[in-house]
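Here is how the chains run, residue by residue.
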Amino acid sequence: MTVETGMSRREDSLRTGAFRIAFDALVILIFAAVLIVSLKYKELASYAPLVVGGLGLLLSVGILAMDMRNHISRENDLTPYAFYEDMGDVQEKADSVSVAIPTASRLWGGLRYMAWYCSYALLIYVVGIYVATALFLGLFLIIEDGSWRAALVGLASGILVISILGSALALEWPESLLLTGK
Amino acid sequence: MWEAAVEALSLIMEPSRLIWLISGVGIGLLIGIIPGMGGAVGMSILLPFLFGVDPLKGIALLIGMTAVVHTSDTFPSVLMGIPGSGGSQATVMDGYPLAQEGEGARALGAAFFASMVGGLIGAASVVVTIPIIRSIVLAIGTPEFFMLALLGLAMVGIVSRSSMLAGLLSSLLGVFIGLVGAAPATAQYRFTLGWFYLYDGIPIVVVALGVFAIPEMTDLLIERRSVARALSLGGGRLDGVRDAIANKWLVLWSALLGTTVGAIPGLGGHVVGWLAYGLAKQTSRDPERFGKGDIRGVIAPESANNAIEAGALIPTMLFGIPGSAITAILLGGLVLLGIQPGPRMVTTDLATLLAMMWTLAIANVLAAALCFALSRQVSKLSLVRASRLVPFLLALMFIASYQATEDWGDIIVLLVLGAFAWVMKQLSWPRAPVIIGYVLAAPIERNLFVSMNLFGLSWLTRPWVIVIGVLIVLLLFGGLGGSVIRGKREMPRDTDREAR
């Protein structure tokens, strides 16, 4: 499998390793919080959260240790699938159909789209679902797809679909700040 | 049982339910065509629109959709060389070379026919095994159901394609999400952060959309797949059907393999496709032809990946243990519709279970017929650019999410879970165990509470509890031990969207 964006596989592996360690640390924090909060619950309500928190904390510390070791030895992300490791050339073929974009690049690239989603939610909150959807579809298609024609068609069809769906299924829309109700 | 089967058929053939089934098949075909989508995403978008719907109509829509995703995902696999879903990865190996040689229609013809027969064999084999499974289901009690749920959770974690530790941790994260809200055994709210929205727990719709749909949409946008290499269909669809008929034993064995693997929690379509491909190659007299455009390399995975859905319904409906992300969301959806999995499925609700099997069978026939009839038109849909499609799906997702409780919390939690799950996906943490853990959290806690109330600690000495307990310990120590000894996490790249 090749990396197409100019970053070497080793560089990507190292950056991905660092992200992985950061994510492991976040998971440790989550399970530690679960464990600590569970201690305050009544006995019957605390059994399951205590088990989940305790076991999760133990395993997440384990995965962090393994990832740190892998990161130091610069070996992470180069090993084959666990399940397929005995499947020979079938595994190589599985690798060959993957999309080759470095994980580190994907992580940064994804932030842009997360910003789009949050902006859409914010728009719904401020101007309501119809205006927000029209703005979101129009702007997204112009900026990301670069086509005014697609934007106009998309905007019109999007609003039409939402209107039909809303009336056919009697859907409720989120209340907005500026336009009360819808 | 035959009376129940006839009753189930008459229930599902009622015209209004048939319309829902046809709608489900249509949606499933569309979802399968779009590379990177898959049944889990489709089901999570559909789920919120089923509140208050007649249960059998809901079943028709959900199972109709699930059953056929693997039929239409053949289009991008064969014509573009991009797996439409995890289950069709193996189809690419020989399907794409065939299309490059101008035999795309032949590959598609063989794939559709094998898919249809595989789906029918899968449904029939489950029906045949119901009397055997029935005796097992009726013989076990609450403690055993508790242990089976634990076993399901352990298996799903352990057989995850990436790190086993990551698989287990994902399961635990799912259980944690499922614990948010009121405790079943006592009047206490847990992990609500003082936020009223969380008092009733996080709805399955929001969890499913966040864990599956948001990461898939984001990756579709990031990858910006090129459509320029899509190949033309060519002619010879009926030749493909003849190929499938000529390889009838391969179709049969692959379907039985698919059904069996489907019944094992944790092993999804991505596994069975490759297993069937491997089976076809190993049993062939000329294995060197595989990978260069051998029609058997298309027939085997396509037959197996349609049969898997029937097998997956066994643990899901009879034991309440979903074996994959799709069945976990399906289970959540069926509970929303008022259908309870478990022993009732083989007693009072046998007609419902059989209606599901009929739905699977009819959906597979419908899908194959539609794909045959409309293959030229349908194949063009796989050329729609992600950047034009995703914004619509996103808008639909936000609307769908809001229908869960009609609270802004739905959208906020959707975004938070979506961002978290997307990072998980990038770092090769499996996501299927999250949704399975979430779905199993409530039954695990409830069954433990009931077992303790009924039997005290003596339930731990019940024979089947001990057997299942030993199995869990062996699995955990075997899996984790192996992982630690190797000292390396096995990290896949981005080849399977559905299972991760």
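This is a predicted model, so every value here is computed, not measured.

### Considerations on the overall build of chain B
- In terms of regular secondary structure, chain B is built from 21 helices and two strands.
- Evaluated residue by residue, chain B yields a buried proportion of 68% over its 500 residues.
- Entry remark: accessible area of chain B is about 16,200 Å², with carbon and sulfur atoms responsible for 68%.

### Notes on the overall build of chain A
- Each helix and strand in chain A was counted, giving six helices and zero strands.
- Of the regular secondary structure in chain A, the N- to C-terminal order runs α-α-α-α-α-α.
- The buried share among the 182 residues of chain A stands at 45%.
- Long-range contacts, defined here as pairs at least 24 residues apart, represent 63% of the contacts in chain A between residues at least 6 apart.
- Accessible surface for chain A amounts to roughly 9,200 Å². Of this, 69% is attributable to carbon and sulfur atoms.

### Structural notes on the confidence of the model for chain A
Residue and element names in this part refer to chain A.
- Of all residues in chain A, 74% have pLDDT values of 70 or greater, and the mean over the chain is 77.
- The low-confidence segment residues 1-5, where pLDDT is below 50, has 12 contacts with residues more than four positions distant or belonging to other chains.
- Scored below 50 in pLDDT, residues 77-99 shows 61 contacts in the model against residues more than four places distant or in partner chains.

### Here we look at the pattern of salt bridges
Residue and element names in this part refer to chain B.
- Throughout the structure, instances matching the rule amount to 16 salt bridges over all chains.
- Across the pair R17 and D54 runs a salt bridge, and its minimum N-O distance is 3.0 Å. Of this pair, R17 sits in helix α2 (residues 15-33) while D54 is found in the loop between α3 (39-46) and α4 (55-72), placing the two residues 37 residues apart along the sequence.
- R17 gets classed as buried once you look at its relative accessible area, which sits at 14%.
- As a salt-bridge pair, R190 and E445 come within 2.6 Å of each other at their nearest N and O atoms. Taken together, the residues R190 in strand β2 (residues 189-190) and E445 in helix α20 (residues 432-455) connect sequence positions 255 residues apart.
- Residue classification places R190 among the buried positions, given a relative accessible area of 1%.
- What you see here is one network of salt bridges that share partners, running through E216, D219, K425 and R431.

### Digging into unusual backbone geometry
All names here are of chain B.
- Positive phi is not limited to glycine here, since F191 has a value of about 55 degrees.
- Relative to the helices and strands, F191 resides in the loop between β2 and α10 (204-223).
- One non-glycine residue with positive phi stands out, namely L193, at about 55 degrees.
- Inspection of the secondary structure puts L193 in the loop between β2 and α10.
- By relative accessible area, L193 is classed as exposed at 79%.

### Considerations on helix α16 (residues 350-373) of chain B
- In this model α16 of chain B runs 35 Å from its N-terminal to its C-terminal C-alpha over 24 residues, within 8% of the 34 Å that 1.5 Å per residue would give.
- Among the 24 residues of α16 of chain B, 17 are classified as buried, and the element is accordingly described as predominantly covered.

### Some details on the packing of helix α7 (residues 104-139) of chain B against helix α12 (residues 248-262) of chain B
All names here are of chain B.
- Packing of α7 against α12 leaves a shortest axis separation of 9 Å and a crossing angle of 55 degrees. By the criterion of interaxial angle, the relationship of α7 to α12 is oblique. Crossing angle aside, the handedness with which α7 passes α12 is right-handed. For the pair formed by α7 and α12, the contact residues are A114, V117, G118, I121, G122, S125 and V126 on the first element and V251, L252, A255, L256 and T259 on the second.
- Here the contact of α7 with α12 is composed, by residue class, of eight nonpolar, four polar and no charged.

### Details of the nonpolar core
- Core analysis: the biggest nonpolar cluster contains 208 residues, and Y117 of chain A together with F212, L318, F319, F398, W429 and I435 of chain B have the highest contact counts within it.
- Residue contributions to this core peak at 15 residues, all from α7 of chain B.

### Considerations on the side chain of T133 of chain A
- Inspection of the secondary structure assignment puts T133 of chain A in helix α5 (residues 129-145).
- Residue class for T133 of chain A comes out buried when judged on its relative accessible area of 0%.
- Separated by 2.6 Å, the side chain of T133 of chain A and the backbone oxygen of I129 of chain A make a polar contact.
- If we skip the residues at most four places from it in the chain, T133 of chain A touches Y120, I159 and I162 of chain A together with A395 of chain B.

### Some thoughts on the side chain of S303 of chain B
Residues and elements named next belong to chain B.
- Mapped onto the fold, S303 is located in helix α14 (residues 296-319).
- For S303, a relative accessible area of 0% gives the class buried.
- One polar contact links the side chain of S303 to the main-chain carbonyl oxygen of V251, over a distance of 2.8 Å.
- In this structure S303 touches A114, G118, V251, S254 and A255, once residues within four positions along its chain are discounted.

### Some words on a nonpolar patch on the surface
All names here are of chain A.
- A cluster of nonpolar residues, V131, L135, L139 and I143, forms a patch on the protein surface that exposes about 340 Å² of accessible area.
- Considering the arrangement of structural elements, one finds L135 in helix α5.
- Given the relative accessible area of 38%, L135 is considered partly exposed.

### Describing the confidence of the model for chain B
All names here are of chain B.
- Averaged over every residue, the pLDDT of chain B is 81; the share at 70 or more is 89%.
- In the model, residues 488-500 has pLDDT below 50 throughout and makes 88 contacts with residues more than four positions away in sequence or in other chains.
- Model confidence for the complex is summarised by a pTM of 0.81, with the ipTM given as 0.82.

### Observations regarding the packing of aromatic side chains
All names here are of chain A.
- Taken as a whole and assessed by the stated rule, the structure comprises 20 aromatic pairs over all chains.
- Aromatic side chains W116 and F140 sit 4.9 Å apart centroid to centroid with 65 degrees between the ring planes, which places their arrangement in the edge-to-face category. Here W116 is found in helix α4 (residues 103-127), whereas its partner F140 is found in helix α5, with 24 residues between them in sequence.
- Using a relative accessible area of 15% as the deciding quantity, one classes W116 as buried.

### With respect to the environment of W108 of chain A
All names here are of chain A.
- Looking at the secondary structure, you find W108 in helix α4.
- When its relative accessible area of 52% is taken as the criterion, W108 is described as exposed.
- For the pair W108 and A151, spaced 43 residues apart in sequence, the C-alpha separation works out to 26 Å.

### Details of the packing of α12 of chain B against α14 of chain B
Residues and elements named next belong to chain B.
- At a minimum axis distance of 6 Å, the contact between α12 and α14 shows a crossing angle of 35 degrees. Crossing of α12 over α14 shows right-handed handedness. Of α14, the residues touching α12 (which contributes L250, V251, S254, A255, G258, T259, V261 and G262) are R296, I299, A300, S303, A304, A307, I308, G311, A312 and P315.
- Taken together, the residues of the contact of α12 with α14 break down into 11 nonpolar, six polar and one charged.

### Structural notes on helix α2 (residues 43-72) of chain A
- Taking 1.5 Å as the rise per residue, α2 of chain A with 30 residues should run 44 Å; its terminal C-alpha atoms sit 43 Å apart, in good agreement.
- Maximal helix bending in α2 of chain A amounts to about 30 degrees, located at P49 of chain A.

### Examining the environment of Y47 of chain A
- Inspection of the secondary structure puts Y47 of chain A in helix α2.
- A polar contact is formed between the side chain of Y47 of chain A and the side chain of E43 of chain A, at a distance of 2.8 Å.

How each quantity is defined
Residues numbered from 1 in each chain as written. Chains lettered and ligands numbered in written order. Predicted model: local features only at pLDDT ≥ 70, side-chain atom pairs only at ≥ 80, totals over all residues. Heavy atoms only, no water. Helix = DSSP H or I, 4+ residues; strand = E, 2+ residues; numbered from the N terminus. Buried < 20%, exposed > 50% of the residue type's maximum accessible area, 1.4 Å probe, protein only. Areas by Shrake-Rupley, 256 points an atom, 1.4 Å probe, with all protein chains shown as cover. Contact = heavy atoms within 4.5 Å. pLDDT = per-residue confidence, 0-100. Salt bridge = Lys/Arg side-chain N within 4 Å of Asp/Glu carboxyl O. Expected span 1.5 Å × (residues − 1). Axes fitted to C-alpha atoms, helices over the stretch in contact; angles between N-to-C directions. Parallel < 35°, antiparallel > 145°, perpendicular 65-115°, else oblique. Left-handed = near helix turned anticlockwise from the far one by under 90°. Nonpolar A, V, L, I, M, F, W, Y, C, P; charged D, E, K, R; others polar. Core = buried A, V, L, I, M, F, W, Y, C linked by side-chain atoms within 4.5 Å. Polar contact = N/O pair within 3.5 Å; in protein donor to acceptor, adjacent residues only side chain to side chain. Patch = residues over 30% accessible without salt bridge, like charges linked within 9 Å, V, L, I, M, F, W, Y side chains within 5 Å. Phe/Tyr/Trp six-rings, centres within 6.5 Å; stacked < 30°, edge-to-face > 60°. Bend = angle between axes of the 7 residues up to and from the residue.

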